[in-house]
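Given next are the chains, with one letter for each unit.
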Amino acid sequence: MVDLRLQVVATVLGVALAAAAAGSSSGKQFEFQEATVDAIHQGFRNGSLTSTALARFYLEQIARLNPLLRAVIEVNPDALAQAARADAERAASRGRCAVGLHGIPVLLKDNIDTRDRLNTTAGSLALLGSVVRRDAGVVARLRRAGAVILGKANPSEWSNFRPVASGWSARGGQTLNPYVLSVTPCGSSAGPGVAAAANMAAVTLGSETDGSILCPSSLNSVVGIKPTVGLTSRSGVIPITPLQDTIGPMCRTVSDAVRVLDVIVGYDELDAEATGAASKYIPHGGYTQFLRTNGLRGKRIGVPDVFFQGYDDMQLAVYEKHLDTMRQQGAVVIMDLDIATNFTDLGNQEILLMAAEFKISINAYLSGLLYSPVRSLAQVIAFNEAHPVEVTKQCFCLPHCREPMMSFPAVLLQERLKDFGQPDLIAAEKTNGIGTRERAAIRRLREISTNGLEKLMKERRLDAIVAPNSDASSVLAVGGYPGIAVPAGYDEQGVPFAICFGGLQGYEPRLIEIAYAFEQATKVRRPPTFKR
């Protein structure tokens, strides 16, 4: 099912201009493909680019590629108006506001609230037409920075709390990996990762509970930052568990991701406990100061054996080469480390706790909506059972609006209950809050973190650990720890793989130094191949 809204928005808005129409009267030509935030601002300053032209280019990319990749659920009908306003603000300020993310289009994972004409559904038909009270905390910060909200990217439905295929949702269909279409895009933030990789936007936001930023970043050859829990607000984000949920950027370069991080971090009274606790980690002067090409010099980087199991000789050889590069750049690489604690029960404890936390959190989110077809987890389950196949109209405004700007023929959308079921939703509904078992799980997960990664890093005085792809995601998740995935290579099929640098809470500055220096020393990333 191709989302008609995307096609018609592209047609009505006249998004067929691409590079030829994007240059300004200056006669300079802007290179859109693989454009970075720095290059975009340079284009704004030298007159070769406007926000309107940039938004048009990305909308054209979405219209052209999305029928194949299904990375975007819907585009914002007000995106060009927002871009034009940014152009006017820049002209009025004589370019002084051409900083940060001003005038730059951003795609958001479809679990991040926007108080506009976009839906927020976590990919589920049950929330189609719901109305949020306000922008999510991170969206409010994006808007204050002058960013253009381009649209919503396709998640794994309910952020994989239904056991669907990675990158599949009833609303968006199946997201495909732009490098090798038959390979998984991985993780519930698959849509943002694919969209960034395929130049549908330079800036996207994803969310992670356990691996949902790090995994799609790894397999789609983009940079993903999973921040310390609480560094970015979770208010207005469809939740799984407040103990692990975090919001972070997914971009094509470390520099771009860090510039986004600078915009979205900070205290939010609607997520006061977590953001208040994490605010102490935000450095004076922000994070871009840590974009240092010599950032590996003197860093102590640990290599836990447990994460490098099961890889073929070719990939292991690439990782060995990268470790040598780190040494050449001045890092101290410490091999053969053991995370001392036994964490074989980590997954079971995490799932047990997550089920109870999800029910509490999702019920609170649903009850707080201004309008919603469902108001509780029980009603979501009932909706799915009652509507395994749903017919809905596509329109330019929310489905319950009285006077849609334009509506189109009905299309068939399916929740595919026979294929995926909803066992995790049902299991969560059967929980009864945080009881004895859940409190024991919390204690056990804290023990795993304290006696595992925290103990290892403090005893060995490590600045970071390194792991392939998202293999360390669970260890990082249960401790609320940060991680940064950076492109590391491509296998014999052309499938991307990554290297992940992880650390303790608040270690973002040193992780950024390491990740940026590594990226600049290796320059691995290349554009997608769309191999079948």
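All figures in this text were calculated on a predicted structure; none of them were measured in a lab.

Draft legend 1. Geometry of the packing of aromatic side chains. By the definition in use, this model includes 10 aromatic pairs. Pairing Y179 with Y490 gives two aromatic rings, centres 5.8 Å apart and planes at 35°, and the pair type is tilted. Taken as a pair, Y179 in the loop between β5 (173-174) and α7 (190-197) and Y490 in strand β14 (residues 483-490) lie far apart in primary sequence, 311 residues in all. On the accessibility criterion, Y490 (11% relative accessible area) is buried. Between F501 and F518, the ring centres sit 5.7 Å apart and the planes meet at 65°, which makes this aromatic pair edge-to-face. Within this pair, whereas F501 is found in strand β15 (residues 496-502), its partner F518 is found in helix α18 (residues 508-522), the two being separated by 17 residues in sequence.

Draft legend 2. Expanded view of the pattern of salt bridges. Counting across every chain of the model gives 22 salt bridges. For the salt bridge of E74 with R171, the shortest nitrogen-to-oxygen distance reads 3.2 Å. In this pair, E74 is assigned in strand β1 (residues 72-75) and R171 in the loop between β4 (168-169) and β5, connecting sequence segments 97 residues apart. Of the two residues, E74 and R171, both sit in the buried class. Between D110 and R171 there is a salt bridge; the shortest N-O distance is 3.6 Å. Taken together, the positions of D110 in the loop between β2 (105-109) and α6 (137-144) and R171 in the loop between β4 and β5 put the pair 61 residues apart, joining distant regions of the chain. R171 sits in the buried class, given a relative accessible area of 8%.

Draft legend 3. Looking closely at the pairing of strand β3 (residues 148-153). Across the 6 residues that make up β3, a large majority, 6, are buried. In terms of strand pairing, β2 meets β3 through 5 bridges, oriented parallel. Within β3, the position partnered with L108 by the bridge is K152. In this view, the connection linking β2 to its parallel neighbour β3 by way of α6 has right-handed handedness.

Conventions used here
- Residues numbered from 1 in each chain as written.
- Predicted model: local features only at pLDDT ≥ 70, side-chain atom pairs only at ≥ 80, totals over all residues.
- Heavy atoms only, no water.
- Phe/Tyr/Trp six-rings, centres within 6.5 Å; stacked < 30°, edge-to-face > 60°.
- Helix = DSSP H or I, 4+ residues; strand = E, 2+ residues; numbered from the N terminus.
- Buried < 20%, exposed > 50% of the residue type's maximum accessible area, 1.4 Å probe, protein only.
- Salt bridge = Lys/Arg side-chain N within 4 Å of Asp/Glu carboxyl O.
- Pairing = 2+ DSSP bridges.
- Right-handed = clockwise from strand over helix to strand, strands pointing away.

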